[in-house]
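The chain contents come next:
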Amino acid sequence: MRAWIDGELLPEPTGPAISVTDHGFTVGDGVFEAIKVIDGLPFALDLHLQRLARSAAGLGLPAVDEEVVRRGVSAVVRDQDFPLGRIRITYTGGPAPLGSGRGDAPPTLVVVAAPLSPFAVTTAVATMPWPRNERGALAGLKTTSYAENVVALAEAQRHGASEAIFANLAGHLCEGTGSNVFYVVDGELRTPTLDSGCLAGVTRRLILEWYGGREVDEPIEVIAQASEVFLASTTRDVQAVHRWDDRPLIAPGPITAAAAEAWREHEPELLGF
Ligand SMILES: Cc1ncc(COP(=O)(O)O)c(C=O)c1O
């Protein structure tokens with residue numbers, strides 16, 4: 001693991017680094033990105049940096065200096081030869097008073113790279129009783145306020161699942177704690193629209209581009225009619241779902257397998273700095 005903060009590599013990557021008053025630490029006032037690394041090369045770096053800029057703007061943080069972030073990214077992956085890894089970029093409000101109001105200090109920028117174990121080929125998911133708020137101020141932003149996801153994931157794990165799935169306030173299928181959802185009904189691949197409040201996943205976008213699928217918002221109960229389901233995320237790529245709550249599913253089904261194949265074909269196109 002290697003960590004870089006505000007222009008410097010840390011001598012000890014897990015050692016103390018940020019102020020105890022950092023607004024990211026005290027109130028979750030920050031945004032982040034997780035980027036896959038294959039053989040030392042970041043995947044879809046430009047798309048992740050674009051989303052980081054959008055998330056920061058959505059939170060009202062100062063604009064991200066993309067060149068500085070790129071320097072951090074190359075500092076943490078340079079000469080590291082893990083075959084599979086993850087870069088995490090975190091950009092917060094910086095040191096601030098102890099309440100919700102921001103201070104005048106500059107933002108904090110942290111870039112970390114660590115090896116990543118490949119996800120299982122298939123997985124189980126569990127539906128959560130708590131909704132995503134598609135009308136909230138943070139809807140669609142990748143912020144560090146992830147405690148709802150932490151609680152949900154722990155609940156999913158109690159049900160033997162590796163991902164927790166949310167409906168939104170309208171009762172429509174939305175997303176997982178760290179993934180977008182695709183499903184097949186009547187032979188058609190579908191995924192919730194961005195209006196559902198789901199994150200605009202980089203993987204979701206590329207699957208729609210490279211394989212196709214229809215964006216549509218439907219009650220979460222539609223999953224009872226799905227013949228296939230898969231999760232899409234930076235760490236899972238295309239991951240078939242073999243069980244949704246108590247319902248077994250064929251995994252991977254033919255459309256999931258075809259989407260995964262399209263992914264493997266195109267992935268090398270977006271590897272690099
Ligand atoms: C809430 C949420 N939805 C979806 C995703 C998938 O996005 P991406 O494909 O960009 O990793 C993530 C990624 O971590 C996420 O946190």
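This report concerns the structure included in the present document. Quick caveat, the model's predicted, so the values are computed rather than measured.

1. A closer look at helix α3 (residues 66-77)
With 12 residues, α3 should reach 16 Å at 1.5 Å per residue; the first-to-last C-alpha distance of 17 Å fits that figure. Lining the buried residues of α3 we find β1 (2-5), β2 (8-9), β3 (30-38), α2 (45-59), β5 (84-92) and β6 (108-115). Between the side-chain oxygen at the start of α3 and the backbone nitrogen of Glu67 there is a gap of 3.1 Å, and the oxygen is on Asp65. Looking one or two residues beyond α3, the residue adopting positive phi is Asp79, at roughly 60°.

2. A few points about the side chain of Thr123
Relative to the helices and strands, Thr123 resides in strand β7 (residues 122-127). Thr123 sits in the buried class, given a relative accessible area of 7%. With near-sequence residues (within four places) excluded, Thr123 lies in contact with Ser162, Leu231, Arg236, Gln239, Ala240, Val241, His242 and Arg243.

3. As for the layout of surface pockets
Computed from the structure, the largest pocket encloses a volume of approximately 1,000 Å³. Sorting the residues of the lining of the largest pocket by element identifies β3, β5, α4 (147-158), β9 (173-176), α5 (202-210) and β13 (228-233) as the ones contributing at least two each. Considering each element in turn, the lining of the largest pocket owes the most residues, five residues, to α4. The residue inventory of the lining of the largest pocket, partitioned by class, reads 15 nonpolar, 19 polar and nine charged. For the lining of the second largest pocket, the element with the highest residue contribution is helix α6 (residues 254-266), accounting for five residues. The residue makeup of the lining of the second largest pocket, split by class, is 12 nonpolar, three polar and five charged.

4. Description of the sheet that holds β1
Spatially, six strands are ordered β2-β1-β6-β5-β3-β4 in an open sheet, and the strand pairing comes out antiparallel. Unpaired on one side and paired on the other, β2 and β4 (41-42) mark the two borders of the sheet. The sheet contact formed by β3 and β5 spans nine bridges and is antiparallel. Within the sheet, the bridge partner assigned to Ala34 lies in β5 and is Arg88. Packed onto the sheet, α3 meets β1, β2, β3, β5 and β6 and runs at close to 155° relative to β1.

5. Comments concerning the site of the ligand
The environment of the ligand is made up of 17 residues, and the closest members are Lys142, Tyr146, Glu175, Thr203 and Thr234. In the model, a nitrogen atom of the ligand is placed 2.7 Å from a nitrogen or oxygen of the Glu175 side chain. At 2.8 Å, a backbone N or O of Val202 approaches an oxygen atom of the ligand. Here the ligand is seated within the largest pocket.

6. Concerning the nonpolar core
Counting 23 residues, the largest nonpolar core has Val31, Val69, Val73, Ile87, Ile89 and Val111 as the members making the most contacts within it. At the level of secondary structure, the elements contributing two or more residues to this core comprise β3, α2, α3, β5 and β6. Leave out the neighbours within four places in its chain, and Ile87 touches Glu33, Ala34, Ile35, Val37, Pro42, Val73, Val77, Val111, Val112 and Ala113. Core analysis: the next-biggest nonpolar cluster, separate from the first, contains 18 residues, Phe43, Leu47, Val184 and Val202 among them.

7. Description of the environment of Ser100
Examined against the element boundaries, Ser100 turns out to sit in the loop between β5 and β6. By relative accessible area, which is 66% here, Ser100 ends up exposed. Between the C-alpha atoms of Ser100 and Asp6, which are 94 residues apart in sequence, the distance is 23 Å.

8. Points about the environment of Leu271
Here Leu271 lies in the segment after α6. Considered as a pair, Leu271 and Ile38 are 233 residues apart in the sequence and their alpha carbons are 7.7 Å apart.

9. Examining the packing of aromatic side chains
Tallied over the entire structure, the rule returns four aromatic pairs. When the ring centre of Phe43 is taken as origin, the NZ or CZ atom of Lys36, which lies over that ring, is 5.3 Å away. Positioned above the aromatic ring of Phe32, the side-chain terminus of Arg88 is 3.9 Å from the ring centre.

10. Structural notes on the pattern of salt bridges
Applying the stated rule across the entire model yields 13 salt bridges. With a closest N to O distance of 3.0 Å, Glu188 and Arg214 form a salt bridge. Here Arg214 lies in strand β12 (residues 214-215) and Glu188 lies in strand β11 (residues 188-191), a separation of 26 residues in the sequence. Take Glu188: its relative accessible area is 26%, and that puts it in the partly exposed class.

11. Concerning the packing of α2 against α5
Direction vectors running N to C along α2 and α5 enclose 125°, while the axes themselves pass 10 Å from each other. Relative to α5, α2 is oriented oblique. You can see that α2 and α5 cross each other, and the crossing is right-handed. Counted together, Leu47, His48, Gln50 and Arg51 of α2 and Val202, Arg205 and Leu206 of α5 form the full contact between these two elements. Partitioning the contact of α2 with α5 into residue classes produces three nonpolar, two polar and two charged.

What counts and how
Residues numbered from 1 in each chain as written. Predicted model: local features only at pLDDT ≥ 70, side-chain atom pairs only at ≥ 80, totals over all residues. Heavy atoms only, no water. Helix = DSSP H or I, 4+ residues; strand = E, 2+ residues; numbered from the N terminus. Expected span 1.5 Å × (residues − 1). Contact = heavy atoms within 4.5 Å. Polar contact = N/O pair within 3.5 Å; in protein donor to acceptor, adjacent residues only side chain to side chain. Buried < 20%, exposed > 50% of the residue type's maximum accessible area, 1.4 Å probe, protein only. 1 Å grid on protein atoms, 1.4 Å probe; cavity = no way out; pocket = protein on both sides within 12 Å on 5 of 7 lines; lining within 4 Å. Points joined across faces, edges and corners; volume = space filled by probe spheres on them. Nonpolar A, V, L, I, M, F, W, Y, C, P; charged D, E, K, R; others polar. Pairing = 2+ DSSP bridges. Axes fitted to C-alpha atoms, helices over the stretch in contact; angles between N-to-C directions. Near = heavy atom within 4 Å. Sits in = over half its atoms within 2 Å of the grid points. Core = buried A, V, L, I, M, F, W, Y, C linked by side-chain atoms within 4.5 Å. Phe/Tyr/Trp six-rings, centres within 6.5 Å; stacked < 30°, edge-to-face > 60°. Lys NZ or Arg CZ within 6 Å of the ring centre and 35° of its normal. Salt bridge = Lys/Arg side-chain N within 4 Å of Asp/Glu carboxyl O. Parallel < 35°, antiparallel > 145°, perpendicular 65-115°, else oblique. Left-handed = near helix turned anticlockwise from the far one by under 90°.

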